[in-house]
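Tertiary structure, described
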Amino acid sequence: GDRVYIFGTRDAVHPKEAHVARAAPDSLAGPWEYFDGRAWSPRPQDSAAVLTGVSTQYAVVRWGAGYVLVTMDGRVPFADAILLFRAEAPQGPWGEAATIWRAPEAGGDVVAYNPFAHPQFQAAEGLLVSYNLNHIRDPEALYRDAALYRPRFIRVDP
């Protein structure tokens with residue numbers, strides 16, 4: 001449309017918060033407008049959380065007549081659940097969380113993180129979503145098991 005929406009994470013709080021700004025497609029360097037919870041403001045300090053409990057990286061994509069937001073469950077540390085939220089507009093309001101996947105590889109010292117939606121690969125089977133794994137205590141584990149540190153892909157039907 002006539003706006004590009006820019007999503008960010010406020011991670012100075014727990015749970016982390018999603019914030020959204022917007023700009024004209026030909027003016028990404030500015031000026032931006034920030035959603036303050038009710039309307040768009042030119043003041044960055046007016047930005048309000050549009051959703052809490054997101055991961056550092058998440059994805060928002062247009063799906064059908066609305067939008068979906070895909071994130072790890074940021075309400076608990078090292079969650080294995082990937083959540084999907086729906087909204088009619090990029091700034092929300094976002095509906096209730098739906099768990100779309102639990103990373104079976106996660107557990108113990110292996111964590112799942114950085115889910116991302118790949119709308120360029122939409123198909124009749126659904127939206128392509130990736131996530132990553134890492135070992136949180138032993139960096140050498142990645143060298144012992146090269147299959148650990150690589151993306152995983154799933155298809156979900158939002």
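Presented here is a report on the structure given in the accompanying data block. (Residues numbered from 1 in each chain as written. Predicted model: local features only at pLDDT ≥ 70, side-chain atom pairs only at ≥ 80, totals over all residues. Heavy atoms only, no water.)

One number sums up the size of the largest pocket: a volume of about 280 Å³. Along its surface, the largest pocket is lined by 16 residues, and Lys16, Ser55, Gly74, Val76 and Phe78 are the ones closest to its centre. Of the residues forming the lining of the largest pocket, the biggest block, four residues, is contributed by strand E10 (residues 110-123). Taken together, the residues that form the lining of the largest pocket break down as nine nonpolar, five polar and two charged. In this structure, the second largest pocket occupies an estimated 160 Å³ of space. In terms of lining residues, the second largest pocket is bounded by Gly1, Asp2, Arg3, Val4, Tyr5, Phe7, Val60, Val61, Arg62, Tyr67 and Pro90. (1 Å grid on protein atoms, 1.4 Å probe; cavity = no way out; pocket = protein on both sides within 12 Å on 5 of 7 lines; lining within 4 Å. Points joined across faces, edges and corners; volume = space filled by probe spheres on them. Helix = DSSP H or I, 4+ residues; strand = E, 2+ residues; numbered from the N terminus. Nonpolar A, V, L, I, M, F, W, Y, C, P; charged D, E, K, R; others polar.)

Here we take up the sheet that holds strand E7 (residues 66-72). If you walk across this open sheet you meet the four strands as E6-E7-E8-E9, and the pairing is antiparallel. Either end of the sheet is taken by a strand with one partner, and the two such strands are strand E6 (59-63) and strand E9 (98-102). Averaged over all pairs of adjacent strands, the angle between strand axes in this sheet comes to 25°, irrespective of strand direction. Pairing of strand E8 (residues 81-87) with E9, which is carried by four bridges, proceeds in the antiparallel orientation. Of the residues in E9, the one forming a bridge with leucine 84 is alanine 98. (Pairing = 2+ DSSP bridges. Axes fitted to C-alpha atoms, helices over the stretch in contact; angles between N-to-C directions.)

Residues histidine 14 and proline 15 are joined by a peptide bond in cis, for which omega reads 0°. Mapped onto the fold, proline 15 is located in the loop between strand E1 (4-10) and strand E2 (17-23). Residues glycine 92 and proline 93 are joined by a peptide bond in cis, for which omega reads 10°. If you trace the backbone, proline 93 turns up in the loop between E8 and E9. Not every positive phi belongs to a glycine, and phenylalanine 78 is a case in point at roughly 55°.

Turning our eyes to something else, we now look at the nonpolar core. Generally speaking, soluble globular proteins have nonpolar side chains that are buried together. With 19 residues, the main nonpolar core has Leu127 and Tyr131 as its most contacted residues. Judged by nonpolar contacts, the second largest core, of 15 residues, contains Val20, Phe35, Tyr67 and Ala87. (Core = buried A, V, L, I, M, F, W, Y, C linked by side-chain atoms within 4.5 Å. Buried < 20%, exposed > 50% of the residue type's maximum accessible area, 1.4 Å probe, protein only.)

Okay, the packing of aromatic side chains next. Taken as a whole and judged by the stated rule, the model has four aromatic pairs. Relative to tryptophan 40, the ring of tyrosine 5 lies with its centre 6.0 Å away and its plane at 55°, an arrangement referred to as tilted. With tyrosine 5 in strand E1 and tryptophan 40 in strand E4 (residues 40-41), this pair connects stretches of sequence that are 35 residues apart. Here tyrosine 5 falls in the partly exposed class, since its relative accessible area comes to 28%. An aromatic cluster is built from Tyr5, Phe35 and Trp40, whose rings are joined through pairwise contacts. (Phe/Tyr/Trp six-rings, centres within 6.5 Å; stacked < 30°, edge-to-face > 60°.)

Here we take up the sheet that holds strand E11 (residues 126-135). With antiparallel pairing, the three strands of this open sheet are ordered in space as E10-E11-E12. Among the strands making up the open sheet, the edge pair consists of E10 and strand E12 (152-156). On average, adjacent strands in this sheet sit at an angle of 25° to one another, irrespective of strand direction.

Next up on the list: the pattern of salt bridges. Counted under the stated rule, the structure contains nine salt bridges. Note that arginine 22 is salt-bridged to glutamate 33, the shortest N-O span being 2.7 Å. In this pair, arginine 22 sits in strand E2 while glutamate 33 sits in strand E3 (residues 33-35), placing the two residues 11 residues apart along the sequence. Residue glutamate 33 is classed as partly exposed on the basis of its relative accessible area of 26%. For arginine 152, the salt bridge goes to glutamate 105, with nearest N and O atoms at 3.5 Å. (Salt bridge = Lys/Arg side-chain N within 4 Å of Asp/Glu carboxyl O.)

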